[in-house]
Amino acid sequence: MCYQPYRSLGNRSLAKALNFSGKEQQMVEEAAQRLAAGVDPGIIPERFLIGSVRMALDRRLARPEVLTKNFYKALASG
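Residue positions are counted from 1 within each chain, in the order its sequence is given. Predicted model: local features are reported for residues with pLDDT of at least 70 only, side-chain atom pairs are reported and counted for 80 or more only, and whole-chain, interface and lining totals are derived from all residues. The side-chain values count all of the structure's non-hydrogen atoms but skip hydrogen atoms and water molecules.

Trainee: Honestly, the overall build of the chain in this entry has me stumped. Any pointers?
Mentor: In terms of helices and strands, the chain carries four helices and two strands. Projected onto its principal axes, the C-alpha positions of the chain cover 40 × 25 × 20 Å. A burial count over the chain gives 26% of its 78 residues as buried. A total of about 5,700 Å² of accessible surface is found on the chain, and carbon and sulfur atoms cover 54% of it. In the chain, which carries 12 positive and 7 negative side-chain charges, the distance between the mean positions of the two groups comes to 5 Å. The way it works is that DSSP assigns letters per residue, a run of H or I at least four long becomes a helix, a run of E at least two long becomes a strand, and they are numbered from the N terminus. Residue exposure (1.4 Å probe, protein chains only): buried if accessible area is under 20% of the type maximum, exposed if over 50%, otherwise partly exposed. The accessible surface values rely on the Shrake-Rupley method and a 1.4 Å probe; as for residues, cover is taken only from the protein chains in view. Charge assignment: positive for Lys and Arg, negative for Asp and Glu; neither His nor the chain ends contribute. Here the site of a charge means NZ on Lys, CZ on Arg, CG on Asp, or CD on Glu.

Trainee: Would you take a moment to explain unusual backbone geometry for this structure?
Mentor: As a rule of thumb, non-glycine residues mostly have phi less than zero, and peptide bonds are mostly trans rather than cis. For Asn-11, which is not glycine, the phi dihedral falls at a positive 60°. In this fold, Asn-11 is placed in the loop between β1 (5-6) and β2 (12-13). For Arg-60, which is not glycine, the phi dihedral falls at a positive 55°. Tracing the sequence through the fold places Arg-60 in the loop between α3 (46-58) and α4 (64-77). With relative accessibility at 75%, the residue Arg-60 sits in the exposed group.

Trainee: Which parts of the structure should I look at to understand the side chain of Ser-13?
Mentor: Along the chain, Ser-13 falls in strand β2. Residue Ser-13 is classed as buried on the basis of its relative accessible area, which comes to 9%. Throughout, a contact is declared for two residues whenever any of their heavy atoms are within 4.5 Å. Non-local contacts of Ser-13, meaning those with residues more than four positions away in its chain, are made with Cys-2, Tyr-3, Gln-4 and Pro-5.

Laid out in structure tokens, this is it:
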């Protein structure tokens, strides 16, 4: 499913249309740190915010309620 071409994606696969490499991973990690600290995560695609919160939870960077509040704040401002 991820590797077959779709007309709606310009005959590209989902894997090609939604690239995720080292640069995107770094964005997720930096956003995790920022969300845990209550700092605006900056310009980051909304789809990466979920992974950022998950990473912050897994690493115990902040309490879940703090991350929840900061996640929704970032989501609403984006």
